[in-house]
Amino acid sequence: MTTNRVLDVRGLHVSFRTQDGVVQAVRGVDLHVLRGETLGIVGESGSGKSVTQMAIMGLLPDTAEIRADAIHLDGNDLLAHDAEALRKLRGSHMSMIFQDPMTSLNPFLTLGTQIAEMLRLHRGLRGRALREAVVHALAEVQIPKPALRAEQYPHEFSGGMRQRAMIAMMLAGRPKLLIADEPTTALDVTVQAQILELLAVLQRERGTSIVLITHDLGVVAGSAQRVAVMYSGRVVEEATTEALFAHPSHPYTRGLLASIPRLDHDEGALQPIPGSPPDLEALPAGCPFRPRCSHAVPRCSEEEPALRSLPGHEAGHRAACWVDLDALSVSAVGESRAQP
Amino acid sequence: MVESAHVGRRAAVRDDRELERLLEEAAKVRGNTLWSDARRRFRSSPVARWSLRFLILAFVVSFFAPLLPLAPHARVRLSEKTLAPFAEPLRQDGLFFRHGWPERFDGGASEEDRDALRRAAMDRLCADAGVIAGAMIRVRASIFGDFELTPLVGTDVLGRCLLSRILWGGRVSLMVGIVATLVSLLIGVTYGAFSGYVGGRVDQYMMRFVDVLYSIPFIFIVIFLMTFLRAQQTATTGRGDKILVFFVIIGAIYWLTMARVVRGQVLSLKHREFVEASKVLGGGTWHVLMRHVLPNVMSVVLVYLTLTIPRVMLFEAFLSFLGLGVEPPDVSWGMLAADALGAINPLRVYWWFVLFPSLALGSTLLALNFVGDGLRDALDPRLMEKRARR
Amino acid sequence: MFLLRRLLWMAGTLWLVFTISFFLMRGIPGGPFSSDQKTHPLILERLERKYGLAEPVLVQYGRTLKDLVLHGDFGPSFKLLDYSVNDLLAQGLPRSLALGAVALLIALGLGVTAGVVSALRRGGLLDRSLMLLATMGIALPNFVIASVLILIFVIQIPLLPAAGWGSYRYLILPAICLGAPFAAYVARLTRTGMLDVLGQDWIRTARAKGLSDRRVVLTHALRGGLLPVASYLGPAVAGILTGSLVIEKIFAIPGIGTYFVQSALNRDYTLSMGCVLLYTALVSSMNLLVDISYTILDPRVELDG
């Protein structure tokens, strides 16, 4: 089973030293990604979803302190790698595309140059073969007139085209794992769909595993096989996409699902989750979601729940909550009926 | 229904509490405005703090230099030339008011003659120094009489007390820096604020004009102008006026950048909500400018101001160094530096000529730069954000 | 098209400077031949006629402008007999250019290196000491730096000649003194520019690609980080030219700067006019070069106006 995992992270902690103290951005995250699958990671800003991936990539600044029980990438023990060895894995074994294609490409270099850099570094291509590979890479992400486009600078591209070029660049090193950090957030809705479709096509062709970070559950529903929901630096629920949407088991997941507009049934007003995410410098004792949770029990403020398998659900569906929501929702409804 | 009302009430109570908390926070924040915040940040930088203290000290000492019991800065005494620091002068006769006397004249004259001479000398000294410094010299005379300190940091090639020259030079140099900068401030802020506020075509033309002026190397024209002004002014007007002209000319060169900076700031402020609101409420152009825009431009202007002063002082030193700035008997630091360089020769090194004026000019300019940098860091919230993000 | 417009613009600037200078000179009483000693009126008259000062000012203006534009002739020097201004400028220019160019190279070389190192070691001891040095370089006038360096390298340890013009050794000290303040400024600009660029998303991208730190800095960061330096080159050249007035005087280098100061002090109309116009032309053409180089450095910028 472990061999089927491209990425396997256990007990990842990331904290940042700042002037005002230590911020615990990631607090004990377990994650794994299977070969050829897409794992969606959902959470609001500050939930630690990006920091987790940046930590795996080794792209965090020096102020970050990273601890983990294990990080394995395609048979490489990343914890045993020094910065230089980790650098060599970037681009060739794992790549990352970023939210804003406007600022993530170097405005001073042509796209061809930026892609060629990858091909030269990770595939050792030179001269004519290199030039052809650049054009081929652009063609693969369905950029029209790739030979001409390779000579152009990022500001001559539209947002969607830039993101395509970015994908071409990041896949040029043939990585096993592609981390996509909100790849469609900055794009128009129609372009969003095209980019997600492109990612799916490329994944089918190459068998690349994808980690898709997003705050948009709609994106997850369409693209990911499995989903991890993060809240204040921890994974609070993990399940296959169907299971998560069918039986959300953490109050936060339920809140998220209730807060998205749906066309298929009209529920009246959308339900926002009350309150705001906790301050990572001063986390409350117990469950970090407790202050915003309407199902809290006394235990929630004493002890932080760990991620555990849920009885009565499919295997691999895990949530970090003391309350059995399925049982509770029935009784809660009963109670409110009973009261005058 | 009942339940929802209940929930609603509970939510209302919670909202009330939330509101109270927010109000409390707001009250705390209000005490923490931009300026007090900036002051706190400025104080937290030791370099900037000590630089500011040094500057205040330098300014006070230079300004009150005429009160100090030092030799007159322009008194030539060849018998005491190139004395090293702390060396005893050859004669210790406290001759403060015999300014301009021939040295051999001391013996023969009668008591009355001496008194008359003394009075005449004092009048001339005071007249040379100008109104304020002249008055201070009289005060000094009533306190210290004829007493004067030995040349603490030595004398120059003409036997003039170097310390006295440095302090008097500081008066001119600092004054040029401040006054010229104020001139540039006045022109630049008015021009920039007007251009930015009116906007549109007027703004375009006004800024185009600034561009044209920018492309002219004014420094060369000014050097040019200074020489002719000197020739003319010695003939027609007094020295005080000439220094004034000097101020105005330097100020007039440095207003260009100030105008650009202010215009940019005003332009970005113009469309902020509070300015729009004031306009909607019927505030006139002048009112809006004075009440809402200028105070918000102040921080940028202040930073630019502190960074302009050293540049202006540098320019004054540069002109004086070339012999185009202030003229004897006035001194400035640039002139002292030029004198020092002129006296460098391989046979005998008068290190104090070079060291002390350079030290005075250098440390003042350095301190001004540090204060300017400190202010910029303290007042630029954008920079703060960047720092916090690191 | 762009070039043509800019050249026209430059010609306009030169004309404006010429006109301003011309009328300032003539508008102020006293002339090149009025001095403390009374010159005999007849001699004065002859001199003025010889140099064309007797005619009405506007006629003089027209004639001077015509000579200048049609023949590129500034006329004879009023004070240095038997020298034409053109000769003097042709003599002085190579020296001044050599001095200025070396100073500029020092400024850029030292400044960029120090700035990059500082940015990469941000907050470290090296960064802080380099920036302190830079602030000193900006704050201290070049003649103060010059006097200290002369005391050390000429008087105390006689390594270099004190003044004059000859072999390259005569160039070292003046060029360092002239370039130092600008090196300091360039260092600061480079540091800020580099820090700005290093915080950009595309640097993160470059690192995500697995490039070495060296390559990230050299190919991805440096170019953007040097943009502010490129736009500073125009003012830097103007500043170096200004500074050369002082430096040439200190080190007794017979260049344009020395001529200019002398001519200004002597009221040598034609020579100072020649110097002012030469300086203006140098500054304007440098600005043009900077704008062109900017478009090469930054593909987002297009040439206009």
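Residues numbered from 1 in each chain as written. Chains lettered and ligands numbered in written order. Predicted model: local features only at pLDDT ≥ 70, side-chain atom pairs only at ≥ 80, totals over all residues. Heavy atoms only, no water.

Visitor: It is not clear to me how the nonpolar core should be interpreted in this structure. Could you clarify?
Guide: Taken as a class, soluble globular proteins show a tendency for nonpolar side chains to be buried jointly. Formed by 147 residues in total, the largest nonpolar core has its most connected members in Phe 143, Ile 250 and Phe 251 of chain C. A domain split of this core shows at least three residues from each of domain 1 (2–71) and domain 2 (86–297) of chain C. Grouped together as the second largest cluster of nonpolar side chains are 77 residues, Leu 73, Leu 138, Ala 228 and Leu 280 of chain A included. (Core = buried A, V, L, I, M, F, W, Y, C linked by side-chain atoms within 4.5 Å. Buried < 20%, exposed > 50% of the residue type's maximum accessible area, 1.4 Å probe, protein only. Domains from an automatic or database assignment.)

Visitor: Can you walk me through the interface of chain B and chain C in this structure?
Guide: If you look at the interface, chain B gives 40 residues, while chain C gives 45 residues. Buried surface at the junction of chain B and chain C, both sides included, amounts to about 3900 Å², of which 82% is carbon and sulfur. Our count for the contact surface shared by chain B and chain C stands at 1 salt bridge. Among the salt bridges present, the one from Asp 373 of chain B reaches Arg 188 of chain C, with a minimum N-O distance of 2.5 Å. Of all elements in the fold, only helix H7 (200–215), helix H8 (218–236), helix H11 (285–321), helix H12 (333–343) and helix H13 (351–379) of chain B reach the threshold of two or more residues within the side of chain B that touches chain C. The element that contributes the greatest number of residues to the side of chain B that touches chain C is H8 of chain B, accounting for 10 residues. Of the residues contributing to the side of chain B that touches chain C, the split by class is 27 nonpolar, 9 polar and 4 charged. (Contact = heavy atoms within 4.5 Å. Buried area = accessible area lost by both parts, 1.4 Å probe. Salt bridge = Lys/Arg side-chain N within 4 Å of Asp/Glu carboxyl O. Helix = DSSP H or I, 4+ residues; strand = E, 2+ residues; numbered from the N terminus. Nonpolar A, V, L, I, M, F, W, Y, C, P; charged D, E, K, R; others polar.)

Visitor: How do you make sense of a nonpolar patch on the surface when you look at a structure like this?
Guide: Residue and element names in this part refer to chain B. Where nonpolar side chains cluster on the molecular surface, the patch consists of Leu 52, Ile 56, Phe 59, Val 60, Phe 64, Ile 178 and Leu 182 and spans about 560 Å² of accessible area. Mapped by element, the contributors of at least two residues to the nonpolar patch are helix H3 (46–63) and helix H6 (162–198). Looking at the element boundaries, Ile 178 is found in helix H6. (Patch = residues over 30% accessible without salt bridge, like charges linked within 9 Å, V, L, I, M, F, W, Y side chains within 5 Å. Areas by Shrake-Rupley, 256 points an atom, 1.4 Å probe, with all protein chains shown as cover.)

Visitor: Could you clarify how one ought to interpret the side chain of Gln 114 of chain A in this entry?
Guide: Residue position: Gln 114 of chain A is located in helix H4 (residues 111–123). Overall, Gln 114 of chain A belongs to the buried group, its relative accessible area being 2%. A distance of 3.0 Å separates a polar atom in the side chain of Gln 114 of chain A from the backbone oxygen of Leu 109 of chain A. Not counting chain neighbours up to four residues away, the residues in contact with Gln 114 of chain A comprise Leu 105, Asn 106, Leu 109, Pro 154 and Met 169 of chain A together with Lys 209 of chain C. (Polar contact = N/O pair within 3.5 Å; in protein donor to acceptor, adjacent residues only side chain to side chain.)

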